Amino acid sequence: MNICCIGAGYVGGPTMAMIAQKCPDIRVNVVDINAERIAAWNSDALPVYEPGLLELVKEARGRNLFFSTDVDGGIVGADLIFMCLPTPTKTYGEGAGSAADMTYIEISARRIGELSKGNKIIVEKSTVPVRTAETVRRILDSASNGASFQVLSNPEFLAEGTAVTDLENPDRVLIGAEQNEAGQRALQVLVDVYARWVPRERIITTRLWSSELSKLTANAFLAQRISSINAMSALCEVTGADVQEVANAIGKDKRIGPYFLHASVGFGGSCFQKDLLNLVYLCEAFNLPEVAEYWRQVVKMNDYQRRRFARKVLHKLFSTVSGKRIAVFGFAFKRDTNDTRESSAIYICRDLLEERANLAIYDPKVEAAQIYRDLNRNEGDSSIIICKDQYEAATNADAVLILTEWERFRSNKMDYAKVFELMRKPAFLFDGRNLTDLSAMRAIGFNAEGIGKGA
Ligand code: NAD
Ligand code: UGA
């Protein structure tokens, strides 16, 4: 069997590397129009940082895993084609700021239609609005020269930073197919691929629309938990409660569960906000304004949490950060990734730059050029200094902001007494991830604040 994956991004690269490693008899071609990305996949400096990914790629690359810019060649030779293409929020026209931009999916579907012969199975791996498979099918059929297609939905649930373990040992694999004989035959082909390493009872098969909607629903529920605990964090701060104690107490209830209850500077990442907005747009399009408004509130709460944090920094620093050096620990949207898409750090840094702060930023994996791009500043802009470690960032700083939950920023993993010594006094610590023991930080001499930590 030949598999082609269109899109060598955060999902396409790791997912196909796992399939190739688990199925040495299947040839897996990952194709992308971005030549720089493909070159990086063919090197030891992969474009995506994920623990364990380089080893995984190296095992299969050149054996049955190939990365190439030959998109057409990949399509022609494939029996099974995964679409791992972007579905960002639309920035123009109808639905701007909310609907999913389906341009990339349509362009690829047309190309598949034009180039294909015989039977092909097309797998939607991207997160898409419900009923996209119908659209993909119509595009394929209208562009086709007599080829026949089956469209499956197989959304991806991996989280960045844990992509390899999530793919190796998924909670579930979800595959939606048409409820007819041809649909079920195609479904079986994909089930057989995953069944090489995923226990059969964890491979869930559903109707197409249920599968597409389950992905949006899963992300909406996860994001909602974060907004819910973040909402409580604001209340904790004014009432004297501690959000970690509250999270622990409620998480012991099996019906609530302990995961995804870390109050923070807000969720980031390329997907939660985009998928929530996509859901909001769908509800509006189906004339369900109350449902749309319910989910929109999750995004609003996240925006509020980011702004609240930046405002707190400003107010605690005597209502001015103009000309002050602020050390920023962490810029990625979460730990163990180099991805900064929609990172809360971007929004908080922009707010502080507006207030004319000077930022000294350290992140273990994010490249300097990316940080400048995200902050809309030219490289070398004097208000942004990219640092090689935490201590350089903290030197002469008035405040330290912990914005990403990298393990190395925990109080037992680094020398906060040294950080304190290097700073201008009074020294402030704003722990946006609750990684430090605030009483220990206060004992060192910091004016220390966490998230949801009442006095
Ligand atoms: P990405 O931007 O990292 O990768 C997409 C790739 O597609 C890019 O490399 C781009 O160059 C390529 N591409 C665009 N048009 C192309 C074309 N016509 N032909 C060939 N290649 C083309 O995106 P991603 O993070 O991998 O996300 C892809 C999809 O998966 C999205 O729908 C996203 O919502 C979903 N998803 C992402 C994650 C995640 O953790 N990032 C997890 C689950 C689902
Ligand atoms: C999320 C989902 O967890 C994946 O299942 C899904 O496949 C993916 O989105 C997607 O569709 O793209 P990801 O965004 O990579 O994965 O990472 P998460 O671990 O979900 O974290 C998202 C954000 O929430 C991060 O900024 C993280 O720091 C934050 N977060 C997470 C919190 O603030 N508190 C928590 O308790 C958990």
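Everything that follows concerns the structure shown earlier in this document.
Residues numbered from 1 in each chain as written. Chains lettered and ligands numbered in written order. Predicted model: local features only at pLDDT ≥ 70, side-chain atom pairs only at ≥ 80, totals over all residues. Heavy atoms only, no water.

Caption draft 1: View of the overall build of the chain. Looking only at helices and strands, one finds 17 helices and 14 strands in the chain. On C-alpha atoms alone, the chain measures out to a radius of gyration of 24 Å, which is about the 23 Å that the 2.2 N^0.38 rule sets for 455 residues. Dimensions of the chain along its principal axes, counting C-alpha atoms only, are 75 × 50 × 45 Å. Out of the 455 residues belonging to the chain, those deemed buried represent 54%. When contacts within the chain are restricted to residue pairs at least 6 apart in sequence, long-range pairs at least 24 apart make up 75% of them. (Helix = DSSP H or I, 4+ residues; strand = E, 2+ residues; numbered from the N terminus. Rg over C-alpha atoms; globule rule 2.2 N^0.38 Å. Buried < 20%, exposed > 50% of the residue type's maximum accessible area, 1.4 Å probe, protein only. Contact = heavy atoms within 4.5 Å.)

Caption draft 2: Summary view of the sheet that holds strand β10 (residues 358–362). Pairing in this open sheet of six strands is parallel, and the strands run β11-β10-β9-β12-β13-β14 from one edge to the other. For this open sheet the edge positions go to β11 (384–386) and β14 (447–449), each flanked by a neighbour on one side alone. Direction aside, neighbouring strands of the sheet carry axes that sit 15 degrees apart on average. When β10 meets β11, the two strands line up parallel, connected through three bridges. Counterpart to isoleucine 361 in the pairing with β11 is isoleucine 386. Strand contacts of helix α12 (residues 289–316): β12 (399–402), β13 (428–431) and β14, with the helix running at about 170 degrees to β13, the strand carrying the most contacts. Against the sheet, helix α13 (residues 344–354) touches β9 (325–329), β10, β11 and β12, its axis set at about 155 degrees to β10. (Pairing = 2+ DSSP bridges. Axes fitted to C-alpha atoms, helices over the stretch in contact; angles between N-to-C directions.)

Caption draft 3: Main features of the layout of surface pockets. By volume, the second largest pocket amounts to about 190 Å³. Residue lining of the second largest pocket: Asn119, Lys120, Ile121, Arg137, Ser148, Phe149, Gln150, Ala182, Arg185, Ala186 and Val189, and that is the complete set. Considering each element in turn, the lining of the second largest pocket owes the most residues, four residues, to helix α8 (residues 181–194). Residues that form the lining of the second largest pocket fall into these classes: five nonpolar, three polar and three charged. (1 Å grid on protein atoms, 1.4 Å probe; cavity = no way out; pocket = protein on both sides within 12 Å on 5 of 7 lines; lining within 4 Å. Points joined across faces, edges and corners; volume = space filled by probe spheres on them. Nonpolar A, V, L, I, M, F, W, Y, C, P; charged D, E, K, R; others polar.)

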